[in-house]
Amino acid sequence: MKKLWKLPVVGMLSALLLVGCNSSENEPSTDAASANSKEPLVVVWYPNESGSEMGPSRDAFGKLFEEATGREVEHKLTTDYAIAIETIANGNAQVAFMGAQGYIEANKKNEAVAPLVVTSGESGTLDDALYYSWLAVPKEKANAYKVNEEYDLDTTEGKSISFVSPSSTSGFKMPASSIISHFSDKGLKEEDLMEGNAVYPSVVFGGSHQGAAVNMLMGRTDIASFCDTCVDPYIEIVEGEANKPGTVYRVRDNAAPPFNTLPGEEFTLIQVTPVLNAPFAVNTEVLSEEEVSKLKEALTSDATAKNEEIFMPKEKEQPSLFYTSGNERFLEVDDQWFNPIRELSK
């Protein structure tokens with residue numbers, strides 16, 4: 001019987017700490033079509049970050065980008081990962097905040113799409129620049145997913161599951177890799193998990209991390225995969241430690257939509273997998289080298305790291321795109337930093 005903590009994904013991700021950030025790949029073109037442009041700077045957001053409760057955070061980034069480039073900022077909100085990925089790849093947006101898998105897909109469509117920065121970990125470095133992919137179930141049913149008092153993926157066979165989107169790193173790519181590895185005797189491929197298959201007869205996609213969690217909490221599916229950071233504004237720990245199998249979370253009484261009809265509902269984590277932090281990416285065909293440099297400088301500055309509209313102190317318990325409980329800040333990375341995620345598709 002395979003134990004969850006022995007899955008190869010975690011070891012693969014740890015290799016990222018050895019990857020350097022000195023590659024010259026994806027440097028911005030000096031012939032960028034938008035040099036000295038006065039057209040709006042378009043920033044595209046995933047569905048997870050497009051909700052009204054994230055408006056103040058988006059506006060804070062809009063102000064930062066406007067000051068850096070001198071261009072008015074236009075926010076493009078989306079309801080589908082594919083739309084956001086295509087928008088940055090085809091140059092209809094200059095900047096995007098996206099997961100590692102989404103960045104990889106956009107870069108594959110257009111090599112001019114390059115990573116700008118990612119958030120550090122609490123240490124202020126890339127050593128712990130990770131968030132977490134969860135598999136979660138309703139609290140009252142959690143014991144059914146144990147074998148010899150330990151959570152085991154064997155118990156999920158025959159259940160229904162909600163992922164986020166096929167382009168989601170933590171809401172599909174990482175859990176899919178774990179499932180395929182665990183059920184190796186089933187001969188599953190990633191595309192098999194996009195619909196009913198030999199392990200999960202019913203597969204649905206929530207469209208966002210919030211949507212996947214709600215699918216599970218409302219009983220539409222038995223299990224859901226979503227990430228910690230995307231649902232953090234809506235939940236609180238009831239028992240256990242953050243990001244540990246067996247930890248129980250509860251929907252806050254004052255949670256914003258789509259959790260507003262689910263106050264007090266509880267769920268338990270049955271698997272937790274670390275994931276590379278998500279990047280801000282740019283399309284260097286529609287930004288000048290100077291603009292890219294200014295955006296990078298603004299994001300990685302000490303002033304931004306100390307800006308509570310950008311990095312909300314965790315204790316404030318208010319919806320935010322980013323929180324700080326240590327020395328979190330934005331750090332520059334290059335394309336090679338995301339190779340551990342690329343390797344999952346090979």
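Small disclaimer: the values here were computed from a predicted structure and weren't measured. (Residues numbered from 1 in each chain as written. Predicted model: local features only at pLDDT ≥ 70, side-chain atom pairs only at ≥ 80, totals over all residues. Heavy atoms only, no water.)

Peer 1: Just checking my understanding: could you explain the overall build of the protein chain for this structure?
Peer 2: When you go through the protein chain residue by residue, the secondary structure sums to ten helices and 17 strands. Residue burial in the protein chain is summarised as follows: out of 346 residues, 57% are buried. Sequence-distant contacts, at least 24 apart, represent 74% of the contacts inside the protein chain between residues at least 6 apart. (Helix = DSSP H or I, 4+ residues; strand = E, 2+ residues; numbered from the N terminus. Buried < 20%, exposed > 50% of the residue type's maximum accessible area, 1.4 Å probe, protein only. Contact = heavy atoms within 4.5 Å.)

Peer 1: Help me out: how do you make sense of helix α2 (residues 55–69) in this one?
Peer 2: Note on helix geometry: an α-helix contains 3.6 residues per turn, so any two residues three or four positions apart are oriented the same way. Counted at 1.5 Å a residue, the expected span for α2 with its 15 residues is 21 Å, and the 21 Å between its end C-alpha atoms agrees. Within α2 the residues assigned to the buried category are Gly55, Ser57, Arg58, Ala60, Phe61, Gly62, Leu64, Phe65, Ala68 and Thr69. Count one or two residues on from α2 and you reach Gly70, which has phi positive near 75 degrees. (Expected span 1.5 Å × (residues − 1).)

Peer 1: Honestly, the sheet that holds strand β8 (residues 160–163) in this entry has me stumped. Any pointers?
Peer 2: The pairing of strands in a sheet happens through backbone hydrogen bonds and is either parallel or antiparallel. If you trace the seven strands from one edge of the open sheet to the other, you get β9-β8-β10-β5-β13-β12-β11, paired in mixed fashion. Whereas interior strands pair on both sides, the edge strands pair on one side only; in this sheet they are β9 (202–205) and β11 (235–239). Adjacent strand axes in the sheet meet at a mean angle of 35 degrees, parallel and antiparallel pairs treated alike. As paired strands, strand β12 (residues 248–251) and strand β13 (residues 266–276) are joined by three bridges and run antiparallel to one another. (Pairing = 2+ DSSP bridges. Axes fitted to C-alpha atoms, helices over the stretch in contact; angles between N-to-C directions.)

Peer 1: Would you explain the sheet that holds strand β2 (residues 73–76) in this entry?
Peer 2: If you trace the six strands from one edge of the open sheet to the other, you get β2-β1-β3-β14-β4-β17, paired in mixed fashion. Each edge of the sheet is formed by a strand with only one pairing partner; in this case those strands are β2 and β17 (330–332). Direction aside, neighbouring strands of the sheet carry axes that sit 25 degrees apart on average. With five bridges connecting them, strand β4 (residues 113–119) and strand β14 (residues 279–283) associate as antiparallel partners. Its bridge partner being in β14, Val113 is matched across the sheet by Asn283. Its contacts with the sheet place helix α4 (residues 100–109) against β4 and β14, and it is angled at close to 165 degrees to β4.

Peer 1: Any chance you could explain the side chain of Ser178 here in plain terms?
Peer 2: By secondary structure assignment, the location of Ser178 is in helix α5 (residues 169–182). Within the structure, the side chain of Ser178 is placed 3.3 Å from the side chain of Gln271, a separation counted as a polar contact. (Polar contact = N/O pair within 3.5 Å; in protein donor to acceptor, adjacent residues only side chain to side chain.)

Peer 1: Just to check I follow, could you spell out the packing of helix α3 (residues 81–89) against α4 for this structure?
Peer 2: In helix packing, the relevant descriptors are the interaxial angle and the interaxial distance, both defined with respect to the helix axes. Across the interface, α3 lies against α4 with an axial gap of 9 Å and an inter-helix angle of 40 degrees. Put simply, α3 runs oblique to α4. Taken as a pair, α3 and α4 cross one another with a handedness that is right-handed. Contacts between α3 and α4 pair Ile85, Glu86, Ile88 and Ala89 from the former with Gly102, Glu105, Ala106 and Lys109 from the latter. Across the contact of α3 with α4, the residue classes tally to four nonpolar, one polar and three charged. (Parallel < 35°, antiparallel > 145°, perpendicular 65-115°, else oblique. Left-handed = near helix turned anticlockwise from the far one by under 90°. Nonpolar A, V, L, I, M, F, W, Y, C, P; charged D, E, K, R; others polar.)

Peer 1: Hey, could you run me through the environment of Asn254 in this one?
Peer 2: Relative to the helices and strands, Asn254 resides in the loop between β12 and β13. Take Asn254: its relative accessible area is 65%, and that puts it in the exposed class. Sequence-wise, Asn254 and Ile235 are 19 residues apart; in three dimensions their C-alpha atoms are separated by 9.7 Å.

Peer 1: Help me out: how do you make sense of the confidence of the model for the protein chain in this one?
Peer 2: Chain-level pLDDT for the protein chain is 90 on average; 89% of the residues reach the 70-or-more range. The low-confidence segment residues 1–36, where pLDDT is below 50, has 80 contacts with residues more than four positions distant or belonging to other chains. (pLDDT = per-residue confidence, 0-100.)

Peer 1: I would appreciate a short explanation of helix α8 (residues 289–299) in the present structure.
Peer 2: Those residues of α8 that fall on the buried side of the exposure criterion are Glu291, Val292, Leu295, Lys296, Ala298 and Leu299. The buried side chains of α8 occupy one side of the element, clustering within an arc of 165 degrees when seen end-on. (Arc of directions from axis to C-beta.)

Peer 1: Sorry if this is basic, but what is going on with the pattern of salt bridges here?
Peer 2: Any two side chains of opposite charge can pair, so long as their charged atoms come close to each other. All chains considered together, the criterion is met by 14 salt bridges. With a closest N to O distance of 2.5 Å, Asp253 and Arg250 form a salt bridge. (Salt bridge = Lys/Arg side-chain N within 4 Å of Asp/Glu carboxyl O.)

Peer 1: Teacher, can you tell me more about the packing of α2 against α8 here?
Peer 2: Interhelical geometry of α2 versus α8 gives an angle of 130 degrees and a closest axis separation of 9 Å. In this view, α2 runs oblique relative to α8, as classed from their interaxial angle. As for the relative orientation of α2 and α8, their crossing is right-handed in sense. Contact residues: Phe61, Leu64, Phe65, Ala68 and Thr69 in α2; Glu291, Lys294, Leu295, Ala298 and Leu299 in α8.

Peer 1: What should I look at first to understand a negative patch on the surface in this one?
Peer 2: On the surface, a cluster of negative charge is made up of Glu66, Glu67, Glu72 and Glu74. Mapped onto the elements, Glu66 comes out in helix α2. Judged by relative accessible area, which is 41%, Glu66 ranks as partly exposed. (Patch = residues over 30% accessible without salt bridge, like charges linked within 9 Å, V, L, I, M, F, W, Y side chains within 5 Å. Areas by Shrake-Rupley, 256 points an atom, 1.4 Å probe, with all protein chains shown as cover. Lys, Arg positive; Asp, Glu negative; His and termini not counted. Charge placed at Lys NZ, Arg CZ, Asp CG, Glu CD.)

Peer 1: Would you explain the pairing of β14 in this entry?
Peer 2: Every other side chain in a regular strand lies on the same face of the sheet, so the side chains alternate between the two faces. The buried fraction of β14 amounts to five of the five residues, a majority that puts the element mostly inside the structure. Alternating residues of β14 divide into Pro279, Ala281 and Asn283 and Phe280 and Val282, and every residue in both groups is buried. Looking at chain direction, strand β3 (residues 95–97) and β14 are connected through three bridges and run antiparallel. Bridging across to β14, Val95 finds its partner in Val282.

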